[in-house]
Amino acid sequence: MTRHSLTVTGLCAGYGDTDVLSGLDLVVPTGEVTAIVGANACGKSTLLRAMSRLIAPRRGEVLLDGKAIHHMPSRDLARVMGLLPQAPIAPEGITVADLVSRGRHPHQGLFSRWTRRDDEAVAAALTATRTTDLAERPVDELSGGQRQRVWIAMALAQETGILLLDEPTTFLDIAHQIEVLDLLTDLNETRGTTVVMVLHDLNLAARYADHLVAMAGGRLHVRGRPDEVLTEGNVRAVFGLESRVVTDPVSARPMMLPIGRRRIAEAADGRSVDPQPTGSGAPATSPGWVGTAP
Amino acid sequence: MSALDATIERLAGARGRRARRRRLVVLALLALVGSAFWLTLSLGQSYTPPGEVLRVLFGEPVPGAGFTVGELRLPRALLSVLAGASFGLGGVVFQIMLRNPLASPDIIGISWGASAAAVIAIVVLSLSGPIVAVVAIVAALAVAVLIYGLSFRNGVAGTRLILVGIGVSAMMESVIAYVLSQAPAWTLQEAMRWLTGSVNGARLADALPLLLSLVAFGGMIAARARDLDVLRLGDDTAAALGVPVGATRVLLLVAAVGLIATATAVCGPISFVAFLSGPIAARVFANDGSPLFPAALVGAVLVLVGDYAGQFLLPGRYPVGVVTGALGAPYLIYLIVRVNRSGTSL
Amino acid sequence: MSALSAKRGGAAGAVVRSARTRGLWLAVMVVVLAAICALSVAVGTRDVAWSDVLAGLSGEVDTIGQAAVAVRLPRTLLALAAGAALGLAGAVMQGVTRNPLADPGILGVNMGASLAVVVGIVWFGLSTATSYAATAVVGAGVTAAFVYGIGSLGRGGATPLKLALAGAATSVAFSSLVIAVVLPRADIAGGIRSWQVGGVGGATWHALASVLPFLAAGLAISLLSARTLNSLALGDELAAGLGEHVARGRALAALGAVLLCGATTAACGPIGFVGLVVPHVCRMLAGVDHRWLLPFSALAGAGLLVAADVVGRIAARPGEIEVGIVTALIGAPFFIWIVRRHRVREL
């Protein structure tokens, strides 16, 4: 699959008269999984929507392979960049195979007919998302996790080098969240797809992303590898929350444990545990426990 | 054969089966239209044998049947098919684009706008002929723009659009009622035409603007049929799949409004045909593909059969609009019940 | 001030309305109403001198002017009664459904009443005005229940959008049925138009007297439901928690509204939008307390309809525009304005 570069320079964008993003610069690492995190209303969805051309920037540009995306014909853009938006609509009664086939739309002109190439792409997408057995079933009968995999399959059938996902794990229960994120990791490794996703769960983002982008107040606060970004200082700055960052024993990635006012275990000598540990001697909690950002 | 190839074969097979089923349904609908058309031509107050009907159709002068078939029945049947197809196609495009079967042009005021314009053109401005159709199209477009503009607040929400359309509908209806009341020379029949739609007194010349509109606007819609299919997935998803959402919507809406307005200018707002054709076609087609062409066919059948029933099958003569209105009413209620219960769209 | 009335006061907005302010507004409205009524009697296709008006009021019909007054008097009174009924019914409906878009026309109730009456006339040979009124009330009630039932199906219950759609669809459906029923017997049923567009032309004392009992009953029940409506405004759960019999109270209030609009439709045909516009305007004057809102709505509705009738008579001399058309032309833009004002989430 051809490699494409995606860059954002000086982006100011928003809705109506208000700008949500002010002067944002970002280089999306090609071929890696990038997760965008931040508090509510920090602009992460706005950034994704600007990158996928759903909203036009007031200032600044989004560059795909060095060219501004806003001047590209829709079809050409859709062949390179796919998007899974927050609330996709599945028409009543549509089957999985039918829905995934819609992903071939950018590759079909006005008069082109369906070819074997299209079938191959659809089949490959179904296989990659392990939804082949569901092919003839109506989408509205599927579970949340299955449905999300089907939507990802549709984006896969588009055969794009870049895939953007807007909160793909919201509303899914934990098993399905892991299912979807594992799938995206597979895709990134086997197809080399550049994945950019907005996640609300900080710990899942740290576990699954190669590159983490933390936003606050419409600006980029920090970016880098998860172990660089997920520090107590950054959590405090981005989420306004005290925390302790430990190593997740399951994935060997950093994990954030939030510290509120209550339910803080006391040390054996009766004193409260210091919320600003100096070393790594703090005990880890039971593995698999997922912290949630506010 | 690898597992992937097996999947490909399966997909191709399923696709082929669906395509065959689709063709079958379309053929059945075409046959239905054809037989209804034939019935209208041959059986009325008197029976005309097929041979004579054919001879009239080919332009030969036939005593008796030449008038009955050629002057009375043929224009009526032709207008019914063309108007029905126009209403059906225009209606289903609206319903798909606004993602709600209740967002049909006859409920949100477009048909009423066209009818009001036609009535004003005929009564107040004393126009007649194809110019009335043009006036109706312009007015209907203006009404559509008005409804769109009034429902625009940080983007258009479907719910607000439908409600604004209901309000505009009420205004248009009042305008029609007022203009009609100021034209005492009119008979009840004429009034009925502009309030519920009728093909009474059809002339062959009226069919021409309808045919042109169907070809022109229908062609525009056909060219974008695939994009429309993808629009059903939501604006964001469609944009991500390369559909120029804004431009496509405008184009399709203009074409749909054009179809509805022309048909209304000739026959009046034939009640419910625009509303019913899409859902009926969707049920018959069972989501096997684009319901555009089937909806047009269903519309043609509804008007043909409705007019025939209104003339010969019911006690008393009713214009087609009353028949489709009365028969369509329970189905309308049923559809609302279904929509509400399942909470889904077309 | 208890927490409850504080909440209600808060809900009404920053303006705290004293009884004095409201009383003042009430007085103003009565005066305006009287003026409009006087105008209605004096003005029309033919202007009448004031001396003739006074003479006509006392029953003399010597001059043409006085004869005109004799015709306009029942008309004015009918418009008064109908307007009050519709305004009141609209306020009650908005309270019962907690829906800012509720109105007897929009919810299809008027058309249902029309349909019931024409069916009664054409198929069952009803002929007395009282039977018309009774049938219309039954039709209105059945339609209201029907529309509410359909609108409540599915997620979210009876949201304003679903209710308005159910009402619009039912109205359109019933309108077609009305035409279908009336068309072959247009002579008997008084013409199709009168059952599609309401008007107060051709009003007689007899017609007015026949519907008066229904209107009076509806008025009484509605006004007595004011307290219930106040509780319902807080939500079903809260109202029940306050000891209100939610279902019974709602049904009773709805009965009042149905009596009012059924009887009105029987006398005048379907007149829409009065019930929509009037409560909204009155809410700005009287607040959301139904004990004030309902009487205000009745007065304002009366004024609106009489004024609409006057406009209809003046604007199209020597002909006239039915009041149902005027209210639609005024009311529909108002309806659209309300839709624009509310956030979509609330709809």
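Anything mentioned here points back to the structure above.
Reference entry: report on the structure contained in this document. (Residues numbered from 1 in each chain as written. Chains lettered and ligands numbered in written order. Predicted model: local features only at pLDDT ≥ 70, side-chain atom pairs only at ≥ 80, totals over all residues.)

## Remarks on the interface of chain C and chain B
For clarity, the cut-off: Placing a C-beta atom from the backbone of each residue, one calls two residues in contact when those atoms lie within 7 Å. Secondary structure elements are taken from DSSP: a helix is a run of H or I of four residues or more, a strand is a run of E of two residues or more, and numbering for both begins at the N terminus. Under the grouping applied here, Gly and all other residues not named as nonpolar or charged are polar, the nonpolar ones being Ala, Val, Leu, Ile, Met, Phe, Trp, Tyr, Cys and Pro and the charged ones Asp, Glu, Lys and Arg.
Across the contact, 36 residues belong to chain C and 35 residues belong to chain B. Secondary-structure elements contributing two or more residues to the side of chain C that touches chain B are helix 7 (160-182) and helix 15 (323-341) of chain C. If you tally residues by element for the side of chain C that touches chain B, the top one is helix 7 of chain C, at 14 residues. Split into classes, the residues belonging to the side of chain C that touches chain B amount to 27 nonpolar, 5 polar and 4 charged.

## What about the sheet that holds strand 7 (residues 162-166) of chain A?
Residue and element names in this part refer to chain A. Just so we agree on the cut-off: Pairing between strands is defined by DSSP: at least two bridges between the two strands are required. Between the N-to-C directions of two axes lies an angle of 0 to 180 degrees, each axis being a line fitted to C-alpha atoms and, for a helix, fitted only over the stretch in contact.
Strand order across the open sheet formed by 6 strands is 6-7-8-3-9-10, with mixed pairing between neighbours. The open sheet has two free edges, formed respectively by strand 6 (81-84) and strand 10 (219-224), since each of these has just one partner strand. Adjacent strand axes in the sheet meet at a mean angle of 15° when their direction is disregarded.

## Remarks on the nonpolar core
What counts here: One nonpolar core equals one set of buried Ala, Val, Leu, Ile, Met, Phe, Trp, Tyr and Cys residues connected by C-beta atoms within 7 Å. The burial label depends on the number of other C-beta atoms within 10 Å of a residue's C-beta. Counts of 20 or more mean buried, 12 or fewer mean exposed, and intermediate counts mean partly exposed, with C-beta atoms placed from the backbone.
By size, the foremost hydrophobic cluster in this structure holds 321 residues, and its most contacted members are Val 100 of chain A, Ala 136, Ala 140 and Ile 260 of chain B together with Ala 82, Ala 85 and Ala 263 of chain C. The element contributing the most residues to this core is helix 4 (residues 64-97) of chain C, with 17 residues. With near-sequence residues (within four places) excluded, Ala 140 of chain B lies in contact with Ile 110, Gly 113, Ala 114, Val 257, Ile 260 and Ala 261 of chain B.

## Section: the interface of chain A and chain B
Between chain A and chain B, the contact holds 35 residues from the first and 25 residues from the second. Counting residues per element, the ones that place at least two in the side of chain A that touches chain B are helix 2 (74-80), strand 6 and helix 4 (116-128) of chain A. Counting residues per element, the side of chain A that touches chain B draws most heavily on helix 4 of chain A, at 7 residues. A per-class count over the side of chain A that touches chain B returns 19 nonpolar, 10 polar and 6 charged.

## Comments concerning the environment of Ala 263 of chain B
Residues and elements named next belong to chain B. As for its position among the elements, Ala 263 is in helix 11 (residues 245-267). Note on Ala 263: 35 C-beta atoms within 10 Å, which makes it buried. With 176 residues separating them along the chain, Ala 263 and Phe 87 place their C-alpha atoms 6.9 Å apart. If we ignore the near neighbours within four places in the chain, the residues touching Ala 263 are Ala 83, Ser 86, Phe 87 and Leu 210.

## Quick notes on helix 5 (residues 130-150) of chain B
Along an α-helix, residues three or four positions apart point the same way, because every turn accommodates 3.6 residues. Put simply, the test is: Here a helix's expected span is defined as the number of its residues, less one, multiplied by 1.5 Å.
With 21 residues, helix 5 of chain B extends 30 Å from end C-alpha to end C-alpha; this agrees with the ideal 30 Å at 1.5 Å per step. Taken residue by residue, helix 5 of chain B has Val 132, Ala 133, Val 135, Ala 136, Ile 137, Ala 139, Ala 140, Val 143, Ala 144, Ile 147 and Leu 150 of chain B as its buried positions.

## A word on the sheet that holds strand 4 (residues 59-64) of chain A
Residues and elements named next belong to chain A. The 4 strands are arranged 2-1-4-5 in an open sheet whose pairing can be described as antiparallel. One side of each edge strand has no neighbouring strand; the edge strands of this open sheet are strand 2 (18-28) and strand 5 (67-68). Helix-sheet contacts for helix 1 (residues 44-51) involve strand 1 (6-15), strand 2 and strand 4, and the interaxial angle to strand 1 is about 115°.

## Looking at the pairing of strand 11 (residues 242-247) of chain A
Residues and elements named next belong to chain A. Inspection of the sheet shows strand 11 paired to strand 12 (residues 254-259) by 6 bridges, in the antiparallel sense. Note that in strand 12 the partner of Thr 247 across the bridge is Pro 254. Taking the residues between adjacent antiparallel strands as the criterion, strand 11 and strand 12 are bridged by 6 residues, where Ala 252 takes a positive phi near 60°.

## Some details on helix 12 (residues 273-285) of chain B
All names here are of chain B. If you check helix 12, its first and last C-alpha atoms are 18 Å apart, about what 13 residues at 1.5 Å a residue would give, namely 18 Å. For helix 12, the buried fraction is high: 11 of the 13 residues fall into the buried class. Buried within helix 12 we find Val 273, Ala 274, Phe 275, Leu 276, Ser 277, Gly 278, Pro 279, Ile 280, Ala 281, Ala 282 and Phe 285.

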